[in-house]
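One letter stands for each residue in the lines below.
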Amino acid sequence: NVQLYHRAHQCAYTLARHLDWMTNFGWSVHFMPCHTSTMVDDRIIAGVVHGYMKCKNHSNWANDYTEWQDIPKFVQSCELVYSMRYHASTTAVSTMTPFVDIVHHDKNRQFVKSMNIDACAVSAYGSTHKDFINATVSAESIDTSQWENILLDARARWNDFDYRAM
């Protein structure tokens with residue numbers, strides 16, 4: 001679908017301009033693909049956004065396969081995460097790392113809504129630089145220690161889950 005392709009590239013371009021703007025304030029940008037098990041994976045869109053960026057001296061694009069056990073360590077080392085992947089966003093929560101979710105799927109939309117952090121999300125289709133700024137400011141202001149109760153509840157539910165009953 002040409003229209004969807006155009007909208008996705010517009011989002012990539014807008015995100016790249018926003019990340020360039022963030023480097024003016026001393027931020028470093030690191031692209032780490034979280035989904036690298038298929039031929040078309042996160043390395044492609046990360047490469048497109050990185051390619052659109054002008055401030056490459058403040059950015060790094062990891063184009064190698066990412067071992068799943070390395071993802072939480074990397075996310076935890078970040079001050080802020082921009083994510084288009086559900087599992088990257090949930091990993092941010094599990095490591096108490098503020099994040100902006102670039103919503104492209106209903107599961108992401110439902111996740112940020114369930115966490116009551118809708119203000120930290122932007123649409124993958126049609127968002128502006130101002131939308132990214134507002135979501136970034138909201139993400140930076142979150143007290144992630146409140147997520148501990150959510151994590152404890154999720155762990156309890158997981159421990160109570162009996163897969164043998166299925």
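All figures in this text were calculated on a predicted structure; none of them were measured in a lab. (Residues numbered from 1 in each chain as written. Predicted model: local features only at pLDDT ≥ 70, side-chain atom pairs only at ≥ 80, totals over all residues. Heavy atoms only, no water.)

Thoughts on the pattern of salt bridges
To keep things clear, this is the line we draw: Here, a salt bridge means any Lys or Arg side-chain nitrogen found within 4 Å of an Asp or Glu carboxyl oxygen. Here a strand is any run of E in DSSP of at least two residues, a helix any run of H or I of at least four, and the numbering for each starts at the N terminus.
For the structure shown, the criterion picks out three salt bridges. Where D20 meets R17, a salt bridge forms, and the shortest distance between an N and an O atom there is 2.5 Å. In this pair, D20 and R17 are both assigned in helix 1 (residues 2-23), three residues apart and thus about one turn of the helix distant. Note that D70 is salt-bridged to K73, the shortest N-O span being 3.4 Å.

Comments concerning the confidence of the model for the protein chain
Residues shown with low pLDDT carry predicted positions that ought not to be read at fine detail. Heads up, the condition is: As a per-residue quantity, pLDDT reports the predictor's confidence and falls between 0 and 100.
Across the protein chain, the average pLDDT comes to 84, with 87% of residues at 70 or higher. Within the protein chain, the lowest mean pLDDT, 72, falls on helix 7 (residues 147-160), and the highest, 95, falls on helix 6 (residues 129-140).

Concerning the nonpolar core
Definition in use: Side-chain atoms within 4.5 Å are what join buried Ala, Val, Leu, Ile, Met, Phe, Trp, Tyr and Cys residues into a set we call a nonpolar core. In this scheme, a residue with accessible area under 20% of its type's maximum is buried, one over 50% is exposed, and one in between is partly exposed, where area comes from a 1.4 Å probe on protein chains only. Residue contacts are counted whenever heavy atoms from the two residues lie within 4.5 Å of one another.
In terms of nonpolar packing, the biggest core is built from 35 residues, with F99 and I117 touching the most fellow members. Counting residues per element, this core draws most heavily on helix 1, at six residues. The residues touching I117, leaving out its near neighbours within four places in the chain, are F99, V112, I142 and W147.

Observations concerning the packing of helix 4 (residues 86-94) against helix 5 (residues 106-114)
As a reminder, the rule being used: The convention used is that axes are lines fitted to C-alpha atoms, helices contributing only their stretch in contact, and that angles between N-to-C directions extend from 0 to 180 degrees. For classification purposes, an angle smaller than 35 degrees is called roughly parallel, one larger than 145 roughly antiparallel, one from 65 to 115 roughly perpendicular, and anything else oblique. Helix crossings get a hand from a simple test, with the near helix turned counterclockwise from the far one by less than a right angle marking a left-handed crossing and a clockwise turn marking a right-handed one. Residue classes follow a fixed rule: Ala, Val, Leu, Ile, Met, Phe, Trp, Tyr, Cys and Pro count as nonpolar, while Asp, Glu, Lys and Arg count as charged, and any other residue, Gly among them, counts as polar.
Where helix 4 contacts helix 5, the two axes come as close as 10 Å, and the packing angle between them is 20°. Taken together, the axes of helix 4 and helix 5 lie roughly parallel to each other. Classified by chirality, the crossing of helix 5 by helix 4 is left-handed. For the pair formed by helix 4 and helix 5, the contact residues are Y86, S89, T90 and V93 on the first element and K107, N108 and F111 on the second. Grouping the amino acids of the contact of helix 4 with helix 5 by side-chain chemistry returns three nonpolar, three polar and one charged.

Looking at the sheet that holds strand 5 (residues 121-123)
Filter applied, for reference: Strands are treated as partners if at least two bridges between them are detected by DSSP.
On the basis of which strands lie adjacent, the open sheet formed by three strands has the order 3-4-5 and parallel pairing. Pairing within the sheet leaves two strands with one partner each, and these edge strands are strand 3 (81-83) and strand 5. When strand polarity is set aside, the average angle formed by the axes of neighbouring strands in this sheet is 20°. The pairing of strand 4 (residues 99-103) with strand 5 spans three bridges and is classified as parallel. Residue pairing across strands places I102 opposite V122, the latter belonging to strand 5. Here helix 1 sits on the sheet and contacts strand 3 and strand 4; the angle it forms with strand 3, its principal contact strand, is near 175°. This element, helix 6, spans strand 3, strand 4 and strand 5 of the sheet and lies at about 140° to strand 4.

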